[in-house]
Amino acid sequence: QPHLVESGGGLVQSGGSLTLTCTASGFTLKYYVVGWFRQAPGKEREGVSAISGGDGDTLYANSVKDRFTIVRDTAKNAVHLRMSNLRPEDTALYYCGADPENDITHMMNHPNDYQNRGTQVTVSS
């Protein structure tokens, strides 16, 4: 059954780095638009970053621009979210989604359309 699995979350100090990985099984991820989303306690879900299929266009939330980088790892059928200079406000459950039809703007603006188990990121001050 096709599915996505997130990994790489953990506890890190403010200013630290983490790399999250979204790995696909049962389908080829490079043909899909892939997005990363997060939800902090008491807050709405938000789009963090997304990457398109063929040309690899990317989009970032303003709050993470210049700190996070989304990249494809075709060999591992995965997409990574490299996070640096982490802040306590980055603490959230991070999850990924894949979409065969919609573009990166749609994914970023509709985080509730994508559901997955997620991986917890906690940034201590």
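The structure contained in this document is the topic of the report that follows. (Residues numbered from 1 in each chain as written. Predicted model: local features only at pLDDT ≥ 70, side-chain atom pairs only at ≥ 80, totals over all residues. Heavy atoms only, no water.)

Bringing the sheet that holds strand β7 (residues 68-73) into the picture now. Read from one edge of the open sheet, four strands run β1-β3-β8-β7, paired in antiparallel fashion. The open sheet has two edge strands, β1 (3-7) and β7, and neither has a second partner. Averaged over all neighbouring strand pairs, the angle between strand axes comes to 15°, with direction disregarded. As judged from the six bridges shared by strand β3 (residues 18-25) and strand β8 (residues 78-83), these two strands associate in the antiparallel manner. Bridging across to β8, T21 finds its partner in H80. (Pairing = 2+ DSSP bridges. Helix = DSSP H or I, 4+ residues; strand = E, 2+ residues; numbered from the N terminus. Axes fitted to C-alpha atoms, helices over the stretch in contact; angles between N-to-C directions.)

One finds W36, F68, L81, M83 and Y94 to be the most contacted residues of the largest nonpolar core, which totals 35 residues. Elements with a minimum of two residues in this core: β3, β4 (33-39), β5 (46-51), β7, β8, β9 (92-99), α1 (104-109) and β10 (119-124). (Core = buried A, V, L, I, M, F, W, Y, C linked by side-chain atoms within 4.5 Å. Buried < 20%, exposed > 50% of the residue type's maximum accessible area, 1.4 Å probe, protein only.)

In this structure the tally under the stated criterion is one disulfide. Between C22 and C96 runs a disulfide, and the two sulfur atoms are separated by 2.1 Å. Disulfide C22 to C96: torsion about the S-S bond roughly 75°, handedness right-handed. You can see C22 sitting in strand β3 and its partner C96 sitting in strand β9, a full 74 residues away along the chain. Each member of the pair, C22 as well as C96, is classed as buried. (Disulfide = S-S within 2.5 Å.)

Between side chains of opposite charge, a pair can form when the charged atoms approach closely. Summed over the entire model, instances satisfying the criterion amount to three salt bridges. For R38, the salt bridge identified is with E46, shortest N-O distance 2.6 Å. Assessed through its relative accessible area of 5%, R38 is described here as buried. By relative accessible area, which is 31% here, E46 ends up partly exposed. Salt-bridge contacts for R38 lead to D90; the nearest nitrogen and oxygen are separated by 3.0 Å. One end of the pair, R38, is in strand β4; the other, D90, is in the loop between β8 and β9, with 52 residues separating them in the sequence. Each of the two residues, R38 as well as D90, counts as buried. Connected via shared salt-bridge partners are R38, E46, R67 and D90. (Salt bridge = Lys/Arg side-chain N within 4 Å of Asp/Glu carboxyl O.)

Time to look at the sheet that holds strand β6 (residues 58-60). Here we have six strands laid out as an open sheet, ordered β2-β10-β9-β4-β5-β6, and mixed in their pairing. Pairing within the sheet leaves two strands with one partner each, and these edge strands are β2 (10-13) and β6. Between one strand axis and the next, the sheet turns through 25° on average, direction left out of account.

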